[in-house]
Structure formats: C-alpha cells, structure tokens
Amino acid sequence: MDHLKSIEYLKSSYNKRICQIADERKAGKKLVGTFCLFVPDEIILAAGADRTILCGGRNDTVSIAEQYLPRNICPLVKSSFGSIVNDGCSGVRSCSHFSMVDLIVAENTCDSKKKMYEILASHVPTYIIDLPQRPDSPEALQYFLQELEKFKSRMEQLTGNRITAEQLKKEIRSSNETRKLFHKLYALRKKDPAPISGVDMLTILQKQYFLSPEELKKSLKLLVDEVENVRPEGTHRPRIMISGCPMSAGNTKVPEIIESKGGVIVVEESCTGTRSFWDPVDESKDPMLALAERYIRIPCSCMSPNERRIENILELSRDFKVDGVIYYTLQFCHGYNIEKYKVQQALKKAGIPMLFVETDYSNSDVEQIGLRVDAFMEMLS
Ligand code: BJ8
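Residues numbered from 1 in each chain as written. Predicted model: local features only at pLDDT ≥ 70, side-chain atom pairs only at ≥ 80, totals over all residues. Heavy atoms only, no water.

**What to know about the domain arrangement of the chain**
- Here the domain parsing of the chain yields domain 1 (5-165) and domain 2 (167-380).
- Placing the centre of domain 1 and that of domain 2 at their C-alpha centroids yields a distance of 21 Å.
- The partner domain 2 presents 53 residues to the 56 residues of domain 1 that form the contact.
- Summed over both partners, the interface of domain 1 with domain 2 comes to about 4800 Å²; 67% of that surface belongs to carbon and sulfur atoms.
- Of all residues in domain 1, Leu-10, Leu-37 and Glu-42 bury the most surface against domain 2, accounting for 16% of the area lost on that side.
- In this structure, the connection of domain 1 to domain 2 is made through three salt bridges.
- Between Glu-42 and Arg-179 there is a salt bridge whose closest N-O contact spans 3.0 Å.
- At the boundary of domain 1 with domain 2, the tally comes to 23 residue pairs in polar contact (both at pLDDT 80 or more).
- Elements with a minimum of two residues in the side of domain 1 that touches domain 2: α1 (5-11), α2 (14-26), α3 (41-46), β2 (50-53), α5 (75-85) and α8 (138-159). (Domains from an automatic or database assignment. Contact = heavy atoms within 4.5 Å. Buried area = accessible area lost by both parts, 1.4 Å probe. Salt bridge = Lys/Arg side-chain N within 4 Å of Asp/Glu carboxyl O. Polar contact = N/O pair within 3.5 Å; in protein donor to acceptor, adjacent residues only side chain to side chain. Helix = DSSP H or I, 4+ residues; strand = E, 2+ residues; numbered from the N terminus.)

**What to know about helix α12 (residues 253-260)**
- In terms of residue burial, α12 counts as a mostly covered element, since six of its eight residues are buried.
- Among the residues making up α12, those that are buried are Lys-253, Val-254, Pro-255, Ile-257, Ile-258 and Glu-259.
- Looking at the buried side of α12, the elements it contacts are α10 (198-207), β5 (239-244), β6 (264-269), β7 (324-330), β8 (354-359) and α16 (366-380).
- One or two steps after α12, the chain reaches Gly-262, where phi turns positive at roughly 100 degrees. (Buried < 20%, exposed > 50% of the residue type's maximum accessible area, 1.4 Å probe, protein only.)

**Quick look at the packing of α12 against α16**
- At a closest axis distance of 9 Å, the pairing of α12 and α16 adopts a crossing angle of 45 degrees. Between α12 and α16, the angle falls in the class oblique. In this structure, α12 crosses over α16, and the sense of that crossing is right-handed. Touching Lys-253, Ile-257 and Ile-258 of α12 are Val-366, Ile-369, Gly-370, Val-373 and Met-377, all from α16. (Axes fitted to C-alpha atoms, helices over the stretch in contact; angles between N-to-C directions. Parallel < 35°, antiparallel > 145°, perpendicular 65-115°, else oblique. Left-handed = near helix turned anticlockwise from the far one by under 90°.)

**Examining the pattern of salt bridges**
- Applying the stated criterion across every chain, the model contains 25 salt bridges.
- Across the salt bridge formed by Asp-360 and Lys-253, the nearest N and O atoms sit 3.8 Å from each other. Placement of the pair is Asp-360 in the loop between β8 and α16 and Lys-253 in helix α12, with a sequence separation of 107 residues.
- Between Arg-309 and Glu-339 there is a salt bridge, with its nearest N and O atoms 2.8 Å apart. In this pair, Arg-309 sits in helix α14 (residues 307-319) while Glu-339 sits in helix α15 (residues 334-350), placing the two residues 30 residues apart along the sequence.

**Quick word on the pairing of β5**
- Within β5, six of the six residues are buried, which leaves the element mostly enclosed by the surrounding structure.
- Neither face of β5 is exposed, since Arg-239, Met-241 and Ser-243 on one face and Ile-240, Ile-242 and Gly-244 on the opposite face are all buried.
- Bridge count for β5 against β6 is five bridges, and the pairing is parallel. Across the sheet, Met-241 pairs through a bridge with Val-267, a residue of β6.
- In terms of strand pairing, β5 meets β7 through five bridges, oriented parallel. (Pairing = 2+ DSSP bridges.)

Pasting the structure below:
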C-alpha cells in the first residue's frame, strides 16, 4: 500500500497541537476534555472553548489507575483515569493535553465510566451529562434535550460567552462538513483493492477529537486528495470490518495484527469509526433539538434495545463488501461483550463470518490473537 504523506503529517501533529492549546489558554480560552461521542462538540465550540479527547489507549497508565480503581474493569477507563491523575516524575501533572483541561465533560454511559467519573471529580472539575438509555422513546429525547440545555448553560458559565442559535448553527455546519469529508474518504475505501490501510485510517480516527476542527478538516481534505490518486497494486485481500469497542490513541494492536496477517480493514463500526461521523445534524431544525436528535441516536451498547447497531453492521457489511467481521471488545466491557451474541446471530444469517477478539492494552496476547486471525484469514481467502 502506498505511503501517505498526510498520515505522516498527522502522526507528528501532537507537539504542534499541544503548543496551540497552551497558547490559547494563555490568551484566556478554556479547554474542555471529553470521553465520549455523546457530548456534542458543537456546544463546546459555540461557547468559544476548545476541546480535546481524554480517552486513553496506552497500557503504561493502567497501573497508575489501579491504585484507585479495581483491576477488573475496562482498560480504556483505567488508562484514561491513569493519564489524567498521572503525577509524572516531577510531582506535578505531566505536560500533556490531559493536564491542561479546565473542565471535564463526561456522560453517564457504562457503569465503569460513571463510577470512575465520581472519583475523577476530586482531581479535575467534572460536569456530567445524564443520558437516557432507551433512546427511541419520546420522553428520552425530551430528557436529553433538557440535559443538553443544562450543559449549554454550564459552558456559558465556564467561558463567560452566551451561546446564540447562530453560533450553534455555524458549528453544526462546520461539523457536518467534516462528516462529509469522512464520508468521501470512506467511499474511496469501497474500492478493491483498498487504497488506504485500516491502520493508517485509525490514525486519523484517533486524532479527530484531538486536532482542532480546522486542522482536522485540512488534514481530511489532503487525505481525500491523496487517496483519490492512489492506484493500489496487487490483488484482493480479505476485506475486514472491525466492530465493537473504540480504539483510543495508543491502541492499535488488533488492526496491526489483522493487516500483518494479510487482511485489510475497510470499515470500522466503532466510535473510532463510523459511529463518530455517519449521521449529520439536521441543519433545517432548531439547533438544540437537532443536536439532541442526532446524538441520542448513536448506537452505543449502553443503549437498550440497540437494534440500530445491528442494522448498521449489516448495512456496512454489504456496502463495503466485507469478507469477514472481527468483533473487537475490551475485557470487562459488558455492553459490547454481551451484544456480541446478537451481532453474531445476525451476521450468521447474512452468511458473513465473524471472529471474536477480546483483549486489553497489554501485549501478552499478541501471539495468540495472531494465530487466530491467521486461521480466520486463511478461511476467508
Ligand atoms: S458512545 S462506546 S465512546 S460510551 S469500552 S468505557 S463502553 S466498558 S467507550 Fe464509549 Fe461513548 Fe459508547 Fe462510544 Fe465502557 Fe466499554 Fe470501556 Fe467503553
């Protein structure tokens, strides 16, 4: 697969972005940290604040978190918490985006996150958006809308800026432009052979909530231009969909194994994937209502029932002509682990093979996963 210059640029964007955030904060701009797709960026940006993602994908901060949290919870929760409370060797919180946030905006989704946020609040100011978990009821939408209104007020209080409908509409338009660019990129991934690897794609998916919205759009445009001109050599390789838990920055283990064993990831049904950009916000409606309607529809496994996720998986499998699905979960993520059964049944009915991989952030299972993925690829070839 061709070497993509825009991906190399993205890989080296960390320090530049950290300096940008530090300069903004010196000038009085507030930085908000988030963990989850259910928190609408549009409201944060309309208040004149910046935002960054706090989800951890690194293994080295897990042991720090285990001084506070049980060992047997999801590594994403532990890694994120460990990164935030990390004191570093100098006794002060390390100089990274984790240490610069003025307010954490969290959300009530899975139990591990909910309870972790309660402890986190004694380290960093934390605001929680409550999330109704039966998304299709009319009461749920009204409740979520009220929660977003309260969140809007909290952002106004943080920044001292009033959030106008015009400002919200502007941010909605801008986010929809980003979503369209992602759609363009994903449309190119429908080609066979695929013009971009899943590992490269993960780089941009992981950076999407870390880069500034302008920088993200610029990078996506460059990437679309570059990928449009890629003329992939070689023949068909097994086309894989990854479906399940998100893969936060620092965690690329399973995609690397899949692509080293001859497969190519062509689509991700994940929060580091289609769930992050698939649906636009309706620009013709009242902006707060449109945001509530769009965000409550995210098919996270914390929602019940969550048939929309199964429908999406089947639709994406067809659209991207996948040969097989790798159902990826993090250890102790009960929602995605349990939902595997229904996904497996639906894929079986559709005649699409599935491999289940449950893992953590350590490298102890790399060899074992490699053997299983190898056998799966052989079966698909
Ligand atoms: S919208 S997937 S980003 S909650 S992996 S911490 S669910 S135990 S990250 Fe998520 Fe929002 Fe849902 Fe997406 Fe819990 Fe599972 Fe861990 Fe998870």
